[in-house]
Every structure is written in structure tokens, then in C-alpha cells.
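Remarks on the overall topology
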Amino acid sequence: MSATANLDGNTDTRRRFVSANATGHYDLGFAALRPKLAVFWGNSRSDAFAYTGSYAGYAIQMNVPKDDFDYGTSELSAELSRTYAAGGTPLTPYRPPGRPLRFRTPQ
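These numbers come from a predicted model, not from an experiment.

1. Looking at the overall build of the chain
Check the secondary structure of the chain and you find 0 helices and 11 strands. Along the chain, helices (α) and strands (β) appear in the sequence β-β-β-β-β-β-β-β-β-β-β when read from the amino end. In the chain, which comprises 107 residues, the share counted as buried stands at 12%. Sequence separation of 24 or more characterises 58% of the internal contacts of the chain that already satisfy a separation of 6 or more.

This is how it looks when you write it as C-alpha cells:
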């Protein structure tokens, strides 16, 4: 025989996010340099709450603690490109190096 627990509960979760980036363009003569800085930060906060219900005829209460965490990343990159004429059509190959950095993560 299998028993199923029926639990009820609710909570309120609040989330905030901020995202910003800055770019530039520098003509180096032989090529173009486009630096970019991007930053993202987010926060999630949940209230404490309880699941209540029953399992196999027994009353159950499961408490869930409040939760609050931040998450953030930043990325600094630079695109180096040069425009070539290919049969009258401009062709601009580029290489965008860059690596994201997580500066704040949940514990």
C-alpha cells in the first residue's frame, strides 16, 4: 500500500535585477577596437513559510526558512576587426575575446 502526502503552503518571493553595459569604438588606423564592459546583478528574497498537511493519517508541518541570495557577473571584452573589400562587398572578420566573471553567487 502506498500513501501520498498532501501538503499546502505558500510564500512570497521578490526579485530585483540590474544590467548595464558600456561600449566604445577606437579607430587604430589598421583596424578598429571596440571595448565592452557588461555588468549584471540580481537578488532573490523569499519569506519563511510552512508546508502543512497529512501523511498516512498523521499531521505534518515542514518549516522552510527564509532565503536571500545575490548573483552577479561582469564581462570585459574587446573586439578587434578590420574591414576588407571582397568583390565590392565589405567583409569584416573579428575576434571577440572575453570571459565572464562571477563576482557574487549563491552560497
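2. A closer look at the pairing of strand E6 (residues 58–64)
Of all 7 residues in E6, 0 are buried; the element is thus mostly exposed. A loop of 2 residues connects strand E5 (residues 49–55) with E6, the two strands running antiparallel in sequence, and Ala 56 in this loop sits at a positive phi of about 50°.

3. Details of the pattern of salt bridges
Tallying each qualifying case throughout the model produces 4 salt bridges. Measuring nitrogen to oxygen at the nearest pair gives 2.8 Å for the salt bridge that ties Glu 79 to Arg 34. Of this pair, Glu 79 sits in strand E7 (residues 67–81) while Arg 34 sits in strand E4 (residues 32–46); the two residues are 45 residues apart in sequence, bridging distant segments of the chain. A residue is classified by how much of its surface remains accessible, and Glu 79, at 21% relative accessible area, is partly exposed. Through salt bridges that share partners, Asp 12, Arg 14 and Asp 47 make up one connected network.

4. Focus on the confidence of the model for the chain
On average, residues of the chain score 83 in pLDDT, and 84% of them are at 70 or above. Across the chain, element-level confidence peaks in strand E2 (residues 13–23) with a mean pLDDT of 95 and bottoms out in strand E11 (residues 98–104) with 61.

5. Some points on the sheet that holds strand E1 (residues 6–8)
Strand order in the open sheet made by the 3 strands is E1-E5-E6, with antiparallel pairing throughout. Strands with a single pairing partner mark the edges of an open sheet, and in this sheet they are E1 and E6. Neighbour-to-neighbour, the strand axes of this sheet turn through a mean angle of 20°, independent of strand direction. In this structure, E1 lies alongside E5, joined through 3 bridges in antiparallel fashion. Its bridge partner being in E5, Asn 6 is matched across the sheet by Ser 54.

Rules used throughout
- Residues numbered from 1 in each chain as written.
- Predicted model: local features only at pLDDT ≥ 70, side-chain atom pairs only at ≥ 80, totals over all residues.
- Heavy atoms only, no water.
- Helix = DSSP H or I, 4+ residues; strand = E, 2+ residues; numbered from the N terminus.
- Buried < 20%, exposed > 50% of the residue type's maximum accessible area, 1.4 Å probe, protein only.
- Contact = heavy atoms within 4.5 Å.
- Pairing = 2+ DSSP bridges.
- Salt bridge = Lys/Arg side-chain N within 4 Å of Asp/Glu carboxyl O.
- pLDDT = per-residue confidence, 0-100.
- Axes fitted to C-alpha atoms, helices over the stretch in contact; angles between N-to-C directions.

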